[in-house]
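# Architecture at a glance
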There are 2 protein chains.
Amino acid sequence: MKKSAQPTINDVARLAGVSKKTVSRVINHSPLLNDDTRKRVLGVIDDLGYIPNPQARALALRRNFLIGLVHDNPTAQTVLSVQQGILETLRETEFELVIHPVNRGSPTMLDDIRRFLERQRLFGVMLMPPISENDELAALCDEIGCHYVRMGSAELDASEHMVASNDREAVRAATQYLIETGHRRIGLVLGPHGFRSARERRQGFEDAIAAAGIALPASLTADGNYTFESGLAAGDRLLDHLPRPTAIFASNDEMAAGVIHAARQRGLEVPRDLSVIGFDDNPIAAHIWPPLTTVRWPIAAMARSAALKLVGDATGQGNAAAEPAIFLSSLIRRASVAPPPKVD
Amino acid sequence: MKKSAQPTINDVARLAGVSKKTVSRVINHSPLLNDDTRKRVLGVIDDLGYIPNPQARALALRRNFLIGLVHDNPTAQTVLSVQQGILETLRETEFELVIHPVNRGSPTMLDDIRRFLERQRLFGVMLMPPISENDELAALCDEIGCHYVRMGSAELDASEHMVASNDREAVRAATQYLIETGHRRIGLVLGPHGFRSARERRQGFEDAIAAAGIALPASLTADGNYTFESGLAAGDRLLDHLPRPTAIFASNDEMAAGVIHAARQRGLEVPRDLSVIGFDDNPIAAHIWPPLTTVRWPIAAMARSAALKLVGDATGQGNAAAEPAIFLSSLIRRASVAPPPKVD
DNA sequence: TTGTAGGCGTTATCAT
DNA sequence: ATGATAACGCCTACAA
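Residues numbered from 1 in each chain as written. Chains lettered and ligands numbered in written order. Predicted model: local features only at pLDDT ≥ 70, side-chain atom pairs only at ≥ 80, totals over all residues. Heavy atoms only, no water.

## What to know about the sheet that holds strand 9 (residues 275-280) of chain B
Taken together, the 6 strands give an open sheet; going across it, the order is 7-6-8-9-10-12 (chain B), and neighbouring strands pair in mixed fashion. The open sheet has two free edges, formed respectively by strand 7 (221-222) and strand 12 (330-332) of chain B, since each of these has just one partner strand. (Pairing = 2+ DSSP bridges. Helix = DSSP H or I, 4+ residues; strand = E, 2+ residues; numbered from the N terminus.)

Structure representation (structure tokens):
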């Protein structure tokens, strides 16, 4: 009769003595179903080890059971944490994760993403910063009818379309900590132009400086782009400054590692001669020397929650609207901060 | 007539004045086709911006255009490099990448993977170490009829199913470099039990030691599991050894970073008091202090090639059999190695 | 509460 | 070389 291959909805229907549609109703948790028939069908499904074919469902529903992750290669660890967070939510569901890095800067980026979403008819996408900050992209998802959730460093969208961290306030607190420790000449390494996270962190820094009534020359602010190398260069520039800053806040951990490297290259010791704070708390932070004081960015938790916003309604795991939209970052104090040296 | 939605094969057929099947033949590069009709159809396809629906194809072909990446969370950077390598090959093709981490150790791991492969009817899977070393898993792929390529640290399978690096020889050369630099008391931090890569690297180390006619006590070998923490612990153990080793080879970079950390904690300076070599050349290697001498593992290139083995025949990008199966690792000399201290 | 007919967009079979 | 027809496995609309 049937092949030894996978059982289909027809096999289940025949053995259960019902129509395909009834089986379909069972699969889709239709409420209007006799309890007896449901139990009978479920029994057969179990016996047969039947699993609905996702491709057939996708064709009929005009929608896949795939979640896309679109990003523009921010730091490796960030991407990986987000993947892990999403997959934690997706585990035990019928959804799978398709990763799709793109090239911000490419003029065809939006077209590329559109093609990706339309072709694959994704159930939904997760947008990672910084491209998550692009409102055109969000509009595109809406137009195509693809669910989306944006991850960011500030509130960018309606609650069901966004999870955000409070970067500004977190950096303000971190900077205030430096000030309370006695620092007055504090350098700042910026994130890349155009990144919302970079802007938020800068503002947080400036909030704290202003609140303390400190005046800082513009030359104590250096550009960076979230890479180790840019942190190294920025550190060099800031440490050339006279009088030398006694502390530096770098807008992410990789750049902070670069700053420490720069300090060491010129014989300065951290934290004796220079205090450093980073942002992210990625694994490198705890593994460099000295262990880095940093702001812990709850990116994995954000990703988990974002994924739940996407699929929660469909899987019954939770209610998208009820998921929190704001995640708080907190300062992790390690060994890279000390009071400033007595004499300059 | 038709919706404003995506054009289908029917639209193309009608406008080109041919049957669906002919369009299908054009799409699939069927050789038996009149050049005129082909050109005409291609013209219409272009005009309409028609893109074949992957879900429908998947249903008809009983095979998806998805490549799976199955791994058991080795180091973050390794996973990410592999993803990038695969995606480089997949770019401009119709394939997408689905990531599927699993839990080695879980007794249901094989069942989980089977379910994943059967449900999604993947075109193929890439298997990352260490689970790529599992022959049962390869047999499972064969049984299901899912293409697969295994990545590993030694030749595990037929050439079309495998890309490998020459870890043993690479570590032998690295260790020989330590010996040539003057070291005789060299510690070894192992990778996890059961990992082929760990075994290969250990053998390479022992090859070099034996070739130099050195006798090393077993106490100069310490267990590790590829994490920073395990490297820290192993470093502590080895540095307790008297007389102290003057050099340590750690089976990956993260553990090497841990060893350096351990040395620093007891006031030893690298490389003045202790030389260290790692393996992988992941970004952390260049960013710690001192920059780490290490073996560069061409993992991204391996992944690119592995993906080509998987989809090359289908996309016409290349011939699976022609792709190389062995990738050579090479020693990257940085600042973490120096001659041993004069006095013990 | 359950079933029937038809369609989702593609490919395979077998003609012509 | 090309086309008609029937899958592929599921879902929606409409009946019953």
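Here the narrative resumes.
## Re the side chain of Thr294(B)
Residues and elements named next belong to chain B. By the element assignment, Thr294 lies in strand 10 (residues 293-296). Residue class for Thr294 comes out buried when judged on its relative accessible area of 0%. At 2.6 Å, the side chain of Thr294 and the side chain of Asp253 are in polar contact. Discounting chain neighbours no more than four positions away, the residues touching Thr294 are Asp253, Ile277, Gly278, Phe279, Asp280, Asp281, Ala285, Ser330, Leu331, Ile332 and Arg334. (Buried < 20%, exposed > 50% of the residue type's maximum accessible area, 1.4 Å probe, protein only. Polar contact = N/O pair within 3.5 Å; in protein donor to acceptor, adjacent residues only side chain to side chain. Contact = heavy atoms within 4.5 Å.)

## Concerning unusual backbone geometry
Cis peptide bonds are those with omega within 30 degrees of zero, and the linkage from Pro129(A) to Pro130(A) qualifies with 5°. Tracing the chain through its elements places Pro130(A) in the loop between strand 3 (124-127) and helix 7 (135-144). Omega for the peptide link from Leu242(B) to Pro243(B) comes to -5°, which places this bond in the cis form. Looking at the secondary structure, you find Pro243(B) in the loop between helix 10 (228-240) and strand 8 (247-250). The phi dihedral of Arg121(A) is positive, around 45°, even though this residue is not glycine. As for its position among the elements, Arg121(A) is in the loop between helix 6 (109-120) and strand 3.

## Side note on the domain arrangement of chain A
All names here are of chain A. Splitting chain A by domain gives domain 1 (61-166 + 299-328) and domain 2 (168-296). Using C-alpha coordinates to define each centre, domain 1 is positioned 30 Å away from domain 2. At the interface, 10 residues of domain 1 touch 15 residues of domain 2. Taken over both partners, the interface formed by domain 1 and domain 2 buries close to 940 Å², and the fraction arising from carbon and sulfur atoms is 56%. Area buried by domain 1 at its contact with domain 2 is led by Thr75, Ser153 and Asn166, which between them contribute 44% of it. For the pair domain 1 and domain 2, the number of links is 0 salt bridges. Put simply, domain 1 and domain 2 have 4 residue pairs in polar contact (both at pLDDT 80 or more) between them. Taken together, the residues of the side of domain 1 that touches domain 2 break down into 3 nonpolar, 5 polar and 2 charged. (Domains from an automatic or database assignment. Buried area = accessible area lost by both parts, 1.4 Å probe. Salt bridge = Lys/Arg side-chain N within 4 Å of Asp/Glu carboxyl O. Nonpolar A, V, L, I, M, F, W, Y, C, P; charged D, E, K, R; others polar.)

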